[in-house]
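The primary structure of each chain is shown beneath.
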Amino acid sequence: MALIVRKYGGSSVADLEKIRNIARKLVDLRREGNDLIVVLSAMKGETDRLINLAKEINPRPDPREMDCLVSIGEQTTVSLMAMTLIGMGQDAVSLLGHQARILTDNAFGSARIENVDASRMRDELKKGRIVVVAGFQGIDPDENITTLGRGGSDTTAVALAAAVSADVCEIFTDVTGVFTTDPNVVPKARKLDRISYDEMMEMASLGAKVLEIRSVEYAKNYNVPLHVRSTFSDEQGTMVVKEDKNMEKQVVSGVAYDKNEARLTVTKVPDRPGIAYKILKPISDANIVVDMIIQNTRAEDMTDITFTVPKKDFQTAMHLLQETAKEIGATRVLGDDNISKVSIVGVGMRNHPGVATEMFGVLSQHNINIMMISTSEIKISCVIDEKYTELAVRVLHDAFGLGKDPKEAHQ
Ligand code: ASP
Ligand code: MG
């Protein structure tokens, strides 16, 4: 007997048949004596449909009204699920964000959960009901409906699990777990049994889309064990948990790639205080997120500055940079949106010297030129020509022994 929070993503509740299949499993689990809180996403494609409708009215719709609109996808699935359960003779109740008392700030479209008052949910559980909660939504201090950002139902599930001290938070999705890399690129990619919160956060920020990044951060802060697993099979998935000694034995846990960045360079900038600020300020004022930044000093008090931005912001960033370049007397602005970022991630890197060198060696053996490098304690990223992405991922995955059982892998 346990207190379980489960979350099902949009592809898991995409039609009534899928909802019925999940409901059957929930009924069995409840009959075994478990208490269940079930968080649902909107049906696959529904949130996009709503966003597109709003954009037909106005490309930049009013944020409050937008949240009121996009939250209805989840209202549909929770009520359908509760009805289905009741139809199967299992008492159940659907709760929207405000009814589950999920209190957020008022940042419409990307609200943060500030507090969850679990008393109503506990009361419903005591009555023997399965509690079905709408993911992705909450309520701000003025009782406006807010949403948490795309993929936000993961965070709802983790926040509820933390609030009720659940034994586990299970995230059901359309893949069987977290893999050493994208199985579409490397067919022998292996499912990880366990991964640490920090590794998962790095992988998520690098574009591995199994879990929404905020949910992992939240899980880490509240120490909520996450189990990522498939809706469509009973196999054990991947546990996302606190780091332990065993995890450090594996130097690299995963290889990730991201084709969604573009690179901009401004050359021969006068090397004096305030220049990096001048170059990057207009970019951040335009709400463009800069990822990597490199500054190279040349002779004669000149420097080059290179940075990356999301591909979708490339044109705007180029334009802003050209303006700044004129102002500060830089020689040239260069741009390249055919790049990708390939990264290796692993907590074991902290204690193993030479991992970066090994990565560079592997890429050079395959004649892949590195344009930029950045590192964190548990990650090394290289920017390369986009057309070598798959090759780089494959050879790195091999070189660090990721296709093999961890016990035999590279130490
Ligand atoms: N329905 C929302 C989205 O599509 C939230 C979620 O699915 O987690 O982003
Ligand atoms: Mg998701």
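Structural notes, computed from the coordinates. All values derive from a computational prediction rather than experimental measurement. (Residues numbered from 1 in each chain as written. Chains lettered and ligands numbered in written order. Predicted model: local features only at pLDDT ≥ 70, side-chain atom pairs only at ≥ 80, totals over all residues. Heavy atoms only, no water.)

**Section: the overall build of the chain**
Scanning the chain from N- to C-terminus turns up twelve helices and 20 strands. Computed over its C-alpha atoms, the radius of gyration of the chain comes to 24 Å, within 12% of the 22 Å expected for a compact globule of 411 residues. Across its three principal axes, the chain shows a C-alpha extent of roughly 80 × 55 × 30 Å. For the chain, with 411 residues in total, the buried portion stands at 51%. Intrachain contacts of the chain at a sequence separation of at least 6 include 74% that bridge at least 24 residues. In the form shown here, the chain has an accessible surface area of approximately 18,900 Å², with 49% of it arising from carbon and sulfur atoms. (Helix = DSSP H or I, 4+ residues; strand = E, 2+ residues; numbered from the N terminus. Rg over C-alpha atoms; globule rule 2.2 N^0.38 Å. Buried < 20%, exposed > 50% of the residue type's maximum accessible area, 1.4 Å probe, protein only. Contact = heavy atoms within 4.5 Å. Areas by Shrake-Rupley, 256 points an atom, 1.4 Å probe, with all protein chains shown as cover.)

**Quick look at the site of ligand 1**
As a structural note, the neighbourhood of ligand 1 is formed by S41, A42, T47, E74, F136, R150, G151, G152 and S153. Within the side chain of T47, a nitrogen or oxygen atom sits 2.8 Å from a nitrogen atom of ligand 1. Note that a nitrogen atom of ligand 1 is positioned 2.7 Å from one of the side-chain N or O atoms of E74. In isolation ligand 1 exposes 260 Å². Once the protein is present, 86% of that is buried. (Near = heavy atom within 4 Å. Polar contact = N/O pair within 3.5 Å; in protein donor to acceptor, adjacent residues only side chain to side chain.)

**Some points on the packing of helix α11 (residues 355–365) against helix α12 (residues 389–399)**
Packed helix pairs are specified by the crossing angle of their axes together with the interaxial distance, meaning the distance between the axes. As a packed pair, α11 and α12 sit with axes 10 Å apart at the nearest point and diverge in direction by 130 degrees. Classified by the angle between their axes, α11 and α12 sit oblique to one another. In this structure, the crossing between α11 and α12 has a hand that is right-handed. In this structure, α11 contributes E358, M359, V362 and L363 to the contact, and α12 contributes A392, V395, L396 and A399. Taken together, the residues of the contact of α11 with α12 break down into seven nonpolar, no polar and one charged. (Axes fitted to C-alpha atoms, helices over the stretch in contact; angles between N-to-C directions. Parallel < 35°, antiparallel > 145°, perpendicular 65-115°, else oblique. Left-handed = near helix turned anticlockwise from the far one by under 90°. Nonpolar A, V, L, I, M, F, W, Y, C, P; charged D, E, K, R; others polar.)

**Quick notes on the pairing of strand β9 (residues 168–173)**
Walk down a regular strand and you will see the side chains alternate between the two sheet faces. Most of β9 is tucked away, with six of its six residues classed as buried. Here β9 shows two buried faces, one formed by V168, E170 and F172 and the other by C169, I171 and T173. Both strand β1 (residues 3–8) and β9 contribute to a ladder of five bridges, which runs parallel. Paired with R6 across the bridge in β9 is E170. Relative to strand β11 (residues 226–230), β9 is paired through five bridges, and the arrangement is parallel. Across the sheet, F172 pairs through a bridge with R229, a residue of β11. (Pairing = 2+ DSSP bridges.)

**A look at the sheet that holds strand β3 (residues 92–95)**
Spatially, the eight strands line up as an open sheet ordered β3-β6-β2-β1-β9-β11-β12-β10, and their pairing is mixed. The two strands at the open ends of the sheet, each matched to only one other strand, are β3 and β10 (194–196). Sheet twist, expressed as the average angle between the axes of neighbouring strands with direction ignored, equals 20 degrees. Where β3 meets strand β6 (residues 130–134), four bridges bridge the pair, whose relative direction is parallel.

**Looking at the side chain of D140**
Residue position: D140 is located in the loop between β7 (137–139) and β8 (145–147). As a buried residue without a salt bridge, D140 has its nearest oppositely charged side chain in R64, at a separation of 6.9 Å. Here D142 takes part through its backbone nitrogen, which lies 2.8 Å from a polar atom of the side chain of D140. Contacts of D140, omitting those with residues within four sequence positions, involve T104, D105, N106, F108 and T146. (Lys, Arg positive; Asp, Glu negative; His and termini not counted. Salt bridge = Lys/Arg side-chain N within 4 Å of Asp/Glu carboxyl O.)

**A word on the pattern of salt bridges**
Under the counting rule described, the total for this entry stands at 30 salt bridges. When the shortest N-O distance is used, the salt bridge between E124 and K127 registers 3.8 Å. Exposure remark for K127: the relative accessible area of 52% places this residue in the exposed category. Of the charged contacts, one joins E386 and K311 as a salt bridge, the two residues approaching to 3.2 Å between their closest N and O atoms. Note that E386 is positioned in the loop between β20 (379–385) and α12 and K311 in the loop between β16 (302–310) and α10 (314–328), a separation of 75 residues in sequence. Via salt bridges that share partners, D91, R120, E124, K127 and R129 belong to a single interconnected network.

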